[in-house]
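Listed below, chain by chain, are the residues.
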Amino acid sequence: MALHLIKLCVGCDSIQDLEAWIVERRRMPGGSPTEHIHTTRMVPKRGDALLDGGSLYWVIKGQLACRQRLLDVRPFTDGEGIGRCRLVLEPVVMPVRPRPYRPFQGWRYLEPDDAPPDLGSEAADVSVLPETMRRELVALGLL
């Protein structure tokens, strides 16, 4: 059974901001057209379960908003001798049913039963709404 990670998406105000950032990173020298790399300080100890269909769920502006499928977990040591980890992500962002989430540091494991469902066909309808309106609808329990 797949295990997931959850992480704050610092610096992004919307799913569209995250998607634009991913496109920009992939165009940089050394960027990959098939992968998106996110570097963290800690290495997940449950890497095998994460790679069994797991995703990284992003919290944007206090709401669990979207996910990217995890492709690989690559530990490494940086130039200063500090152990770090590259989370290799599929560059496709999948909106999920939004729900409030409090801030935290680093990343957390997210059990499959606690993961929100993808929006699927609902995503097209929801994605045309302005981000502020979508957040207000979620806060009111209407979305």
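Remember, it's a predicted structure, so these values are computed and weren't measured experimentally.

K.L.:
Describe the overall build of the protein, and please don't skip the residues or the numbers.
P.N.:
Within the protein one finds 4 helices and 7 strands. Ordered by position from the N terminus, the helices and strands of the protein form the series β-α-β-α-β-β-β-β-β-α-α. For the protein, whose C-alpha radius of gyration is 15 Å, the value lies close to the compact-globule estimate of 15 Å for 143 residues. With respect to the three principal axes, the spread of C-alpha positions in the protein is 50 × 35 × 25 Å. The proportion of buried residues among the 143 residues of the protein is 39%. Taking contacts inside the protein between residues at least 6 apart in sequence as the whole, the part at least 24 apart equals 68%. Put simply, the protein shows about 8,300 Å² of open surface, and 53% of that area lies on carbon and sulfur atoms. Averaging the locations of the 19 positively and 19 negatively charged side chains of the protein gives two centres separated by 5 Å.

K.L.:
Give me the lowdown on the environment of I37, citing residues and values where you can.
P.N.:
Mapped onto the secondary structure, I37 falls in strand β2 (residues 36-40). Sequence separation between I37 and R25 is 12 residues, and the spatial gap between their C-alpha atoms is 8.7 Å. Sequence-distant contacts of I37, defined by excluding residues within four places in its chain, comprise R25, R74, R86, L87 and V88.

Thresholds, definitions, all that
Residues numbered from 1 in each chain as written. Predicted model: local features only at pLDDT ≥ 70, side-chain atom pairs only at ≥ 80, totals over all residues. Heavy atoms only, no water. Helix = DSSP H or I, 4+ residues; strand = E, 2+ residues; numbered from the N terminus. Rg over C-alpha atoms; globule rule 2.2 N^0.38 Å. Buried < 20%, exposed > 50% of the residue type's maximum accessible area, 1.4 Å probe, protein only. Contact = heavy atoms within 4.5 Å. Areas by Shrake-Rupley, 256 points an atom, 1.4 Å probe, with all protein chains shown as cover. Lys, Arg positive; Asp, Glu negative; His and termini not counted. Charge placed at Lys NZ, Arg CZ, Asp CG, Glu CD.

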